[in-house]
Amino acid sequence: MPQLRLLPRRAWAALLSQLLRPPCASSSGAVHCHSQVAKAVLTSQLKPHQDKPNFIIKTPKGTRDLSPQQMVVREKILDLVVSCFKRHGAKGLDTPAFELKEVLTEKYGEDSGLIYDLKDQGGELLSLRYDLTVPFARYLAMNKVKRMKRYHVGKVWRRESPTMVQGRYREFCQCDFDIAGQFDPMIPDAECLKIMCEILNGLQLGDFLIKVNDRRIMDGMFAVCGVPESKFRAVGSSIDKLDKMSWKDVRHEMVAKKGLAPEVADQIGDYVQCHGGVTLVEQMFQDPRLSQNKQALEGLEDLKLLFEYLTLFGISEKTLGERVRTTETQVFVATPQKNFLQERLKLIAELWDAGIKAEMLYKNNPKLLTQLHYCENMGIPLVVIIGEQELKEGVIKLRSVASREEVAIKRENLVAEVQKRLSKS
Amino acid sequence: MPQLRLLPRRAWAALLSQLLRPPCASSSGAVHCHSQVAKAVLTSQLKPHQDKPNFIIKTPKGTRDLSPQQMVVREKILDLVVSCFKRHGAKGLDTPAFELKEVLTEKYGEDSGLIYDLKDQGGELLSLRYDLTVPFARYLAMNKVKRMKRYHVGKVWRRESPTMVQGRYREFCQCDFDIAGQFDPMIPDAECLKIMCEILNGLQLGDFLIKVNDRRIMDGMFAVCGVPESKFRAVGSSIDKLDKMSWKDVRHEMVAKKGLAPEVADQIGDYVQCHGGVTLVEQMFQDPRLSQNKQALEGLEDLKLLFEYLTLFGISEKISFDLSLARGLDYYTGVIYEAILLQSPAQAGEEPLSVGSVAAGGRYDGLVGMFDPNGHSVPCVGLSIGVERIFSIVEQRMKTLGERVRTTETQVFVATPQKNFLQERLKLIAELWDAGIKVAIKRENLVAEVQKRLSKS
């Protein structure tokens, strides 16, 4: 975990100016600006800051860097998720990190509280996107798109109370899959559930369950229980807490805080404790009260159809697991003797040009033991060794880091031999 | 290109509320917020807005959506770039989109002008990162890292005047590769150049050239020509424009606007018109004035060593020692480089596209050593690939050549000639999905047959 580091302000300014590098490409404007920034930074170190003599280096609240180890894990997860989306024929889309403020809040404004606004710097008023769905809606409207199956992987930002332990941050990554368009009922809905299963199976997080309901069934249920329509959303949000709170506490909240009649709450209680497979859907069709409600019936019909499709889709099992390397280097180029830098450079270029991931130490005369330890620590499987003996004989030694076995191969067969060994593992 | 669309406010509100979907996972707070937003959106449609009866839907100035076609192209480019970085043993890193304002500007604040600030909403003052190098520096300092070879692909944001044609936006993607740490001289620097070559070759953008210079040679050159030290940066930024302006115009700017003596300008002119291979390095060693300057000699020594390594790497013919390369020298302490595409004679119907450089970087040393009480320094050298520029070029070329981009990777389509075969199709497609697969064959041989055909193609 990153530690908070106190650096003298002057030191930080110096560090900053050294590392500021102008953006690539001909951006003279930006280059000048960088110069100005650096210059100002350097001169500002001459004016001691009264209030904060030291500057604490950290990431903003609710955000974090991803270390190399974390990057490897995340990449694997995202690859699996995106492969699944692609397998289902979704097209990738990307939208800007911020939108016109109006797009996100429609002048709902500050009360939302969770949206990061950008400062008014004389241009358009902007806000950082807080999900990927509103940008998708904006994209569909803007481009007059009537049908689209798209996936979008990207960061979103929310100014909430971060609870680090539970993995909730102010900046986090979302992977969305959406199907827009008018189609025969429930087929796209079924595909979404199929995708969720494929991904959760693929990630091997253990056994899982997908809960399904329908807004129309819920509203219908509220209606037949006697909930006044004005309280539908309030009651709904209490019900939503049942995964974290007991029914006793949720009931109490609805009655004591949201003004729901106790007997109405009890009737809701009878319903919300129900869960099951498609047989529950059948059961609800038979329910004397629910079956009188037109909305609920619509929802139940659709759920019945959904379950039929889900049965046809089935679900399959898979399995796997291992140690995290932070680099993918396959071959290390080493030498036991001094003055072999040139040979190493030639060798490594040959490997790189053949598309092989290779590394060597940035030292003119490294010790062999140092090089081998490096390979072991980094998990590099293969070492290519060149020394006086090898040069004389026109060979290269190939050494397996795991088994420590060495074999001599002809210099001109380097790439072919390396590729042979790498494809076996 | 996206068009500006006028939608009645009410319609937009309705569309929005239909598509607002609570985020996945246990985020009741956010779900409530969504409900509230949707509700507010729906109720707001009841209050007509006097000033703006219609709401223009567009992306913010200087930003754009990437369509599915564009996504495919970008993914290919990024895959190639990242593969190269990984092949060279770099570790991936990611940092937040915004940093503490102090990290980026150190209270230089508003005058910077190019940085997007976040609104003060009662918490920390934040700004969107405008490159990937400052976050890297912050990461190194925060984690007391002395050595690291890292790559970072991410968006950065700058409030500049976007010139859409040239592929410059306010939000754009950068691919950085940097090596931090004390090593034997010029080996990491050579590797950076090798990486640039591998990437530019792999992207097949045509012929390219990498200009190389050194901060010490440039400063030395200014000194021996008689430039007052206080004018070094100003003169440097004029020299930097030589890729866009003629020497005549640059000279005029230096003399008329920056107060440089004409004879000094002329002497600079003699040097900056020089470019060549390692023989030019040798030549400069022999130059009577430059060879008297200690700084310049240091730079020349390093360039000589660099060219040796580049020759061993097999890329020296792509490298040109160019005394006109400046690159905002405030930040570089040693070698600097910039890759440009060489325009092929105009192909039929193709407008020559001038997009400037496509990759650049350099060495920037002497960080921690300046203030660390133990005198430890963390020297760095790195490069940045201008993917947006490259992307514009590739897009332009595809349009010219009429290349078609597949936006999905679907390999198999499940069809039926008769009605009422939905169930069969659903079962079939599930089988294919379960086999990980993005014909009149026997039902039980389905998966094997499809895989066979796919592996042949």
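Residues numbered from 1 in each chain as written. Chains lettered and ligands numbered in written order. Predicted model: local features only at pLDDT ≥ 70, side-chain atom pairs only at ≥ 80, totals over all residues. Heavy atoms only, no water.

Bringing the pattern of salt bridges into the picture now. Residue and element names in this part refer to chain A. A complete count under the given rule lists 56 salt bridges over all chains for this structure. Between Glu328 and Lys357 there is a salt bridge, with its nearest N and O atoms 2.7 Å apart. One end of the pair, Glu328, is in the loop between α12 (294-313) and β8 (331-334); the other, Lys357, is in the loop between α13 (341-353) and β9 (358-359), and 29 residues separate them in sequence. Across the pair Glu350 and Arg411 runs a salt bridge whose closest N-O atoms are separated by 2.8 Å. With Glu350 in helix α13 and Arg411 in the loop between β12 (406-410) and α16 (414-424), this residue pair connects regions lying 61 residues apart in the sequence. Glu350 sits in the partly exposed class, given a relative accessible area of 30%. (Salt bridge = Lys/Arg side-chain N within 4 Å of Asp/Glu carboxyl O. Helix = DSSP H or I, 4+ residues; strand = E, 2+ residues; numbered from the N terminus. Buried < 20%, exposed > 50% of the residue type's maximum accessible area, 1.4 Å probe, protein only.)

What follows is about the nonpolar core. Phe85 and Ile268 of chain B are the most contacted members of the largest nonpolar core, which totals 110 residues. Contact partners of Ile268 of chain B, with chain neighbours within four places excluded, come to Met221, Phe222, Cys225, Val227, Val235, Ile239, Trp247 and Leu260 of chain B. Counting residues in hydrophobic clusters, the runner-up holds 35 residues, among them Phe232, Val264, Ile268 and Tyr309 of chain A. (Core = buried A, V, L, I, M, F, W, Y, C linked by side-chain atoms within 4.5 Å. Contact = heavy atoms within 4.5 Å.)

Right, let's talk about helix α6 (residues 187-203) of chain A for a bit. Residue and element names in this part refer to chain A. Look at α6: 24 Å from first C-alpha to last across 17 residues, which is about the 24 Å you get at 1.5 Å a residue. Residues of α6 that are buried include every one of Pro188, Ala190, Glu191, Leu193, Lys194, Ile195, Cys197, Glu198, Ile199 and Asn201, and no others. Once α6 ends, the next one or two residues include Gln204, with phi positive near 50 degrees. (Expected span 1.5 Å × (residues − 1).)

Turning our attention to unusual backbone geometry. A positive phi is found at Asn339 of chain A, a non-glycine position, where the angle reads about 60 degrees. Unlike most non-glycine residues, Met186 of chain B shows phi in positive territory, near 75 degrees. The topology assignment puts Met186 of chain B in the loop between β7 (171-180) and α6 (187-202).

With that out of the way, let us pick up the sheet that holds strand β6 (residues 148-157) of chain A. All names here are of chain A. Strand order across the open sheet formed by 3 strands is β3-β6-β7, with mixed pairing between neighbours. The open sheet has two free edges, formed respectively by β3 (91-92) and β7 (171-180), since each of these has just one partner strand. Bridging between β3 and β6 involves 2 bridges; their strand directions are parallel. Along β6, the bridge assignment pairs Gly92 with Tyr151. α6 rests against β6 and β7 of the sheet, and its axis sits at about 145 degrees to β7. (Pairing = 2+ DSSP bridges. Axes fitted to C-alpha atoms, helices over the stretch in contact; angles between N-to-C directions.)

The side chains of a regular strand alternate, residue by residue, between the two faces of the sheet. All names here are of chain B. Of all 7 residues that make up strand β8 (residues 208-214), 6 are buried, and the element is covered over most of its length. Pairing of β8 with strand β11 (residues 335-341), which is carried by 7 bridges, proceeds in the antiparallel orientation. Residue pairing for β11: Ile210 is matched across the bridge by Ala339. Where β8 and strand β10 (residues 319-322) come together, 3 bridges link them in parallel fashion. The partner of Lys211 across the bridge, within β10, is Ser320.

What follows is about the confidence of the model for chain A. For residues with low pLDDT, the predicted coordinates do not support detailed interpretation. Residue and element names in this part refer to chain A. Confidence in the prediction of chain A, expressed as mean pLDDT, is 81, and 80% of residues score 70 or more. When mean pLDDT is compared element by element in chain A, strand β10 (residues 382-385) scores highest at 96, while helix α2 (residues 28-44) scores lowest at 35. A low-confidence stretch, residues 1-7 (pLDDT under 50), is modelled with 23 contacts involving residues beyond four sequence positions or located in other chains. Note that residues 315-323 has pLDDT below 50 and, in this model, 12 contacts with residues that lie over four places away or in other chains. (pLDDT = per-residue confidence, 0-100.)

Residue and element names in this part refer to chain B. Ordered by their spatial adjacency, 9 strands build an open sheet running β3-β6-β7-β13-β12-β11-β8-β10-β9, and the pairing between neighbours is mixed. Each end of this open sheet is capped by a strand with a single partner; those strands are β3 (91-92) and β9 (275-276). Where helix α7 (residues 215-225) meets the sheet, it contacts β8 and β10, and its direction lies at approximately 60 degrees from that of β8.

Residue and element names in this part refer to chain B. At a minimum axis separation of 11 Å, α7 and helix α8 (residues 232-239) run at an interaxial angle of 110 degrees. Taken together, the axes of α7 and α8 are roughly perpendicular relative to one another. Judged by the sense of rotation from one axis to the other, the crossing of α7 with α8 is right-handed. The residues of α8 that touch α7, namely those facing Arg215, Met218, Asp219, Phe222 and Ala223, are Phe232, Arg233, Val235, Gly236 and Ile239. Class assignment for the residues of the contact of α7 with α8 results in 6 nonpolar, 1 polar and 3 charged. (Parallel < 35°, antiparallel > 145°, perpendicular 65-115°, else oblique. Left-handed = near helix turned anticlockwise from the far one by under 90°. Nonpolar A, V, L, I, M, F, W, Y, C, P; charged D, E, K, R; others polar.)

On to the environment of Lys119 of chain B. In this structure, Lys119 of chain B sits in the loop between α4 (101-105) and β5 (126-128). Note: C-alpha distance between Lys119 of chain B and Leu401 of chain B (282 residues apart in sequence) is 45 Å.

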